Amino acid sequence: MVDTKRSILPKESSSSDGSAPMRKNLAVPMFNVPDKGSSEEASPDVGRVVSMQFFWDSHIHQDVPRGLFRSTGGDLDSDAEDEVDDATATLRIIDNLKSLLPLVFPTDDADPEPSVIFHDDVSGHNILVDDNGELTGLLDWECVSAVPIWKACDYPDFLDERLRLSKPDIENYKRKDGEEPDEMYFEHLWHYETTLLRDIFINEMRRWDAGWVEIFDTSQVKRDFDYAVQYCDSAVSTRNIEAWIGDMTAGISNPRSMDDRIWSF
């Protein structure tokens, strides 16, 4: 859940690139708890906040700003610069995304963008429930970080599946009468069920926090831009990203979402 009325503002940065100071030792823990008997106060010292993308493969060793950032623009601009080193073939896409950055994320230095603590891997294997289906816990907190509110207002990971509006007919997945359906049936059934669950999820969020849904409804272009930055070096996504950039550059007010482009065959 995200409380859109109470959020955390990133601290003023002391570095020239707009990011917060970075610890020299990459092996330090997120929380430094004083030893027993220490005269220091017992409250933990919060270390460097690291988003998952910053330590994929060799990314952790690259000398790029790592946040906290004053705005979404600073965060995504840092990610885009990182991708230049990984694949020079994506430079054209990165330059086009940079040109769109002020349009998608207009900044006001006098008013830092609010951020929230966010768990970005709410997938089925990280959710604990009891025998009655009641939520009892959430696992895998090591990649939690501070993100802009719009990024936290999105479907949880377990609902991030291909949209399927019609229920699959089990008879179409059987090779012979009386046989069990093949595995594709269950995959398509899961896509159909998660599509239905998306509507249930949004309706529940509207009941609990209408402000969350309002941010969700108005942030599609930001989510698409974020996807383009993260996957600008993916050969599978290049065509869709370039088409989205073309629509944005042409001034189309309501371009097709990246989800729609990716899952439309």
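Residues numbered from 1 in each chain as written. Predicted model: local features only at pLDDT ≥ 70, side-chain atom pairs only at ≥ 80, totals over all residues. Heavy atoms only, no water.

Some thoughts on the overall build of the protein
On a plain count of helices and strands, the protein comes out with 8 helices and 6 strands. The N-to-C order of helical and strand elements in the protein reads β-β-α-α-β-β-β-β-α-α-α-α-α-α. Every one of the 265 residues in the protein was classed for burial, and the buried ones make up 35%. Long-range contacts, defined here as pairs at least 24 residues apart, represent 63% of the contacts in the protein between residues at least 6 apart. (Helix = DSSP H or I, 4+ residues; strand = E, 2+ residues; numbered from the N terminus. Buried < 20%, exposed > 50% of the residue type's maximum accessible area, 1.4 Å probe, protein only. Contact = heavy atoms within 4.5 Å.)

Considering helix α5 (residues 210-217)
When we look at burial in α5, the residues that qualify are W212, V213 and F216. Buried residues of α5, seen end-on, are gathered within an arc of 95° and therefore sit on one face of the element. Elements that come into contact with the buried residues of α5 comprise α3 (149-152), α4 (183-208) and α6 (220-230). (Arc of directions from axis to C-beta.)

Some words on the confidence of the model for the protein
Here the protein averages 78 in pLDDT, while 68% of its residues score no lower than 70. Residue range residues 1-33 is modelled with pLDDT below 50. Its contacts to residues more than four positions away, or to other chains, number 70 contacts. (pLDDT = per-residue confidence, 0-100.)

A closer look at the packing of aromatic side chains
Pairs of aromatic rings are described using the distance from one ring centre to the other and the angle between the two planes. This structure, assessed with the given rule, holds 10 aromatic pairs. Geometrically, the ring pair formed by F105 and F225 is edge-to-face, given 5.5 Å between the ring centres and 80° between the ring planes. Here F105, found in the loop between α2 (91-104) and β3 (115-118), pairs with F225, found in helix α6; they are 120 residues apart in sequence, far enough to count as distant. F225 shares its class with F105; the two are buried. An angle of 85° between the planes, with centres 5.6 Å apart, marks the rings of F201 and W212 as edge-to-face. Here the residue F201 occupies a position in helix α4, and W212 occupies one in helix α5, the gap between them amounting to 11 residues. Residue classification places W212 among the buried residues on the basis of a relative accessible area of 2%. A connected cluster of aromatic rings, assembled from ring pairs, spans F105, W150, F225 and W244. Against the face of Y155 rests R198, its NZ or CZ located 4.1 Å from the ring centre. (Phe/Tyr/Trp six-rings, centres within 6.5 Å; stacked < 30°, edge-to-face > 60°. Lys NZ or Arg CZ within 6 Å of the ring centre and 35° of its normal.)

Regarding the packing of α6 against helix α7 (residues 238-249)
Where α6 meets α7, the closest approach of the two axes is 10 Å, and the angle between their N-to-C directions is 135°. Between α6 and α7, the crossing angle belongs to the class labelled oblique. Handedness of the α6/α7 crossing: left-handed. Here α6 contributes V221, D224, F225, Y227 and A228 to the contact with α7, which in turn contributes I241, W244 and M248. The residue makeup of the contact of α6 with α7, split by class, is 7 nonpolar, no polar and 1 charged. (Axes fitted to C-alpha atoms, helices over the stretch in contact; angles between N-to-C directions. Parallel < 35°, antiparallel > 145°, perpendicular 65-115°, else oblique. Left-handed = near helix turned anticlockwise from the far one by under 90°. Nonpolar A, V, L, I, M, F, W, Y, C, P; charged D, E, K, R; others polar.)

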